[in-house]
Amino acid sequence: MPVRGTYLLILRLDRDVVGLPVGKLGALDFPAGYYLYIGSAFGSGGLPARLAYHAKRRKTRRHWHIDYLREHGELEEAWIIACPVRLEHAWVSALSAAPDVQPVAPGFGASDSLYTSHLFFSPVRPSPHTLAETLFQGIEQVADCITHLSIEVHTFHDRQLTSA
């Protein structure tokens, strides 16, 4: 049975992307910097299949909003927590309150969410300490995650997935 859970992608844009068409959201502007995207993988392939999908820069068919931005940015890391409970809302809430990151692109990745966006921007790369502290705030309240927890950080080089 594949491992299921929630993930945070860290993408880097080296230059501004102006007027990028993002599905039904329309044309959006993305300044150079770092983008944090929160998603979950509870489908048949679980987290391994979702990470492999996001590792590919170009998609034959775009399925999620992040696919549009992924074509223009370097995927640096994926932070994943394997847990039987969806943590997207807890992580979005925690990141919304974090210093130095701000939600951007209303509706982005949030078609099934109470939150405005699942995409966040920072002009500089958030520190691993800040990310860990923020994401752990989101799981403290979920008893099923504390007793059945697996945490991994994956780094991406030359579009190849490696585990750290």
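Scroll up for the structure.
Below is a summary of the structure that appears in this document.

**Comments concerning the packing of aromatic side chains**
Then, in step 1: The tally for this structure, following the rule as stated, stands at six aromatic pairs.
Then, in step 2: Ring centres 6.5 Å apart and planes at 50° place the aromatic pair tyrosine 7 and tyrosine 37 in the tilted group. Here tyrosine 7, found in strand 1 (residues 5-13), pairs with tyrosine 37, found in strand 4 (residues 33-41); they are 30 residues apart in sequence, far enough to count as distant. As far as the burial class goes, tyrosine 7 and tyrosine 37 line up, both buried.
Then, in step 3: When the centroid spacing of 6.1 Å and the interplanar angle of 80° are considered together, the rings of tyrosine 37 and phenylalanine 108 count as edge-to-face.

**Regarding the pairing of strand 5 (residues 74-82)**
Then, in step 1: The buried fraction of strand 5 amounts to eight of the nine residues, a majority that puts the element mostly inside the structure.
Then, in step 2: In this sheet, strand 5 lies alongside strand 1 in antiparallel orientation, the contact comprising eight bridges. Bridging across to strand 5, arginine 12 finds its partner in glutamate 74.

**Some remarks on the environment of glutamate 74**
Then, in step 1: Secondary-structure assignment places glutamate 74 in strand 5.
Then, in step 2: Residue classification places glutamate 74 among the partly exposed positions, given a relative accessible area of 31%.
Then, in step 3: Taking the C-alpha atoms as reference points, glutamate 74 and isoleucine 10, 64 residues apart in sequence, are found 8.4 Å from one another.
Then, in step 4: Apart from residues no more than four positions distant in its own chain, glutamate 74 is found in contact with Ile10, Leu11, Arg12 and Arg57.
Then, in step 5: Polar side-chain contacts of glutamate 74 include one of 2.3 Å to the side chain of arginine 57.

Parameters at a glance
- In this numbering scheme, every chain counts its residues from 1 along its sequence in written order.
- Where local features are concerned, this predicted model is filtered to residues with pLDDT of at least 70; where side-chain atom pairs are given and counted, the filter is 80 or more; whole-chain, interface and lining totals use all residues.
- Side-chain numbers come from the whole structure's heavy atoms, not from hydrogens or water.
- To pair, rings of Phe, Tyr and Trp, with the six-membered ring standing in for Trp, must have centres within 6.5 Å; the planes then decide the type, stacked if under 30 degrees apart, edge-to-face if over 60, and tilted in the middle.
- Secondary structure is summarised from DSSP: a helix means a run of H or I of at least four residues, a strand means a run of E of at least two, and numbering begins at the N terminus for each.
- The buried label applies to any residue whose accessible area, calculated with a 1.4 Å probe on protein chains only, is under 20% of its type's maximum; exposed applies above 50%, and partly exposed to all values in between.
- Pairing between strands requires that DSSP locate at least two bridges from one strand to the other.
- Note on contacts: a residue pair is in contact if any heavy atoms of the two residues lie within 4.5 Å.
- Definition of a polar contact: a pair of N or O atoms within 3.5 Å, with one able to donate and the other able to accept a hydrogen when the atoms are protein atoms, and with sequence-neighbouring residues admitted only if both atoms are side-chain atoms.

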